[in-house]
Structures are given as C-alpha cells and as structure tokens.
Amino acid sequence: MIHTGDCLDILPRVRADSIDAVITSPPFGMPLDRVLRAVRRVLVDEGTCWLLLDGTPVLAEGWTVGNVTDVGHHERLHRLHPTDQPPRYVAAPLDLTRDHRVVCDRFAPMPEALVTHCVTTSTCLGDLVLDPFCGIGTTGRICSEWGRSFLGIEIDPLRVALAEAYIARSVARVVV
C-alpha cells in the first residue's frame, strides 16, 4: 500500500510499534532528525532502519548506528537501530562488486541489490517494511518478491502511480 502525501503528515497516523524495518533514501534537504523521530515511533524495538544518504554522518538521538557502508557516488548505507536495543538480525556484510546506483530519466531509484540486501538480512517472511520516501517503488517491488508486506509514502502523485505500476508488474511476475 502506498499513501500519497508528506511522510511527516502521514507517519503520525501509522500505528506505533507496527513496522519491522525501514528502508529508504531521503531526498536532499529533508529534516532527517524529524523523520527519524517519526520513524522511531512506528518501528518495533528490535527493528532496523536503513538509510541511503550522501556522505553526511547520521547522529540522531535515540538511535545507534550499527554500521555504515560506502556504496559509491558519495553515498553511504547506514544501518540504525533504536538505542540500547539489539537488532533482531545481524546484517551480513554487503558485497559491492559492481556499481549499484542506477539512474533513469529524472529519478534515481534505490539500487535493487542494496534493497534486496536490506530486506533479506533484516526481515522475515510477512514482516512489514516502510519506505517513507518510496519514489518509484523499488523497496515495495523487492518486498513483494521476497514475501514481505510493504507500506510506502510518497509526496509526488506521479511517482505514486509509477510505483504502483512497478510493484504490480513484480507481483504478476511472482504469481505467474
């Protein structure tokens, strides 16, 4: 399911402690501290939050940085978990044997290999994954392929339509 709107407006309506993992790449200039506070409320205590960011270090109250992996193009994948709470799963090292960043037209979707790594190392079958900046739906597509439930939030209605179509094609491919 994808909601159209600003994640800072929609996340307060999501039930507390209902999300097993967060996988996202926030847009530049987003107030990350506010987003992380909203995400923390909905994430289960043993959950994991994955952030694909530019080189900026993540220092957020209430979070512990589990590891940071340089994925190229001045981007880093940050694995966070709530302070003093061990993550449910310990993520395996990420193998970066090729360039994972893909750019299509004016969108820069999250690389499928990175999302697959995050989904498979920090969730189980049926877990609920949130992407509060779901863009064209890469996280939702990977979730559907790996049997995870997905909740996306996207402010741009055009991207919501693209994401819904992208995820639907994936579901059709898995079912057939």
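Structure: above.
The model shown is predicted, which means the values in this text are computed figures rather than measured ones.

Taking strand neighbours across the sheet as the criterion, the seven strands line up as β1-β7-β6-β2-β3-β5-β4 in an open arrangement whose pairing is mixed. The sheet terminates laterally at β1 (2–4) and β4 (63–72), the two strands that pair on one side only. The average angle at which neighbouring strand axes cross in this sheet is 15 degrees, direction not considered. Here strand β6 (residues 128–131) pairs with strand β7 (residues 149–154) via four bridges, running parallel. Each bridged residue has a counterpart across the sheet, and for Val129 the counterpart in β7 is Phe150. In the packing of helix α4 (residues 138–145) onto the sheet, the strands contacted are β2 (19–24), β6 and β7, and the crossing angle to β7 comes to about 170 degrees.

A separate point is α4. The buried count for α4 comes to seven of eight residues, which makes it a mostly enclosed element. Within the span of α4, buried status applies to Thr138, Thr139, Gly140, Arg141, Ile142, Cys143 and Ser144.

Turning to its location among the elements, Gly135 is positioned in the loop between β6 and α4. Each C-alpha atom of the pair Gly135 and Leu162 lies 8.4 Å from the other, and the pair is 27 residues apart in sequence. Excluding its chain neighbours within four sequence positions, the residues that come into contact with Gly135 are Glu154, Arg159 and Ala163.

The next subject is unusual backbone geometry. Only a minority of non-glycine residues have a phi that is not negative, and only a minority of peptide bonds are not trans. One non-glycine residue, Asp17, lies in positive phi territory at about 55 degrees. Counting through the fold element by element, Asp17 comes out in the loop between α1 (7–10) and β2. Taking relative accessible area as the criterion, Asp17 reaches 45% and is therefore assigned partly exposed.

This part takes up the state of the cysteines. The tally for this structure, following the rule as stated, stands at zero disulfides. Summary of cysteine pairing: Cys118 is not part of a disulfide, and the nearest cysteine sulfur, belonging to Cys49, is at 9.8 Å.

What counts, and where the lines are drawn
Residues numbered from 1 in each chain as written. Predicted model: local features only at pLDDT ≥ 70, side-chain atom pairs only at ≥ 80, totals over all residues. Heavy atoms only, no water. Pairing = 2+ DSSP bridges. Helix = DSSP H or I, 4+ residues; strand = E, 2+ residues; numbered from the N terminus. Axes fitted to C-alpha atoms, helices over the stretch in contact; angles between N-to-C directions. Contact = heavy atoms within 4.5 Å. Buried < 20%, exposed > 50% of the residue type's maximum accessible area, 1.4 Å probe, protein only. Disulfide = S-S within 2.5 Å.

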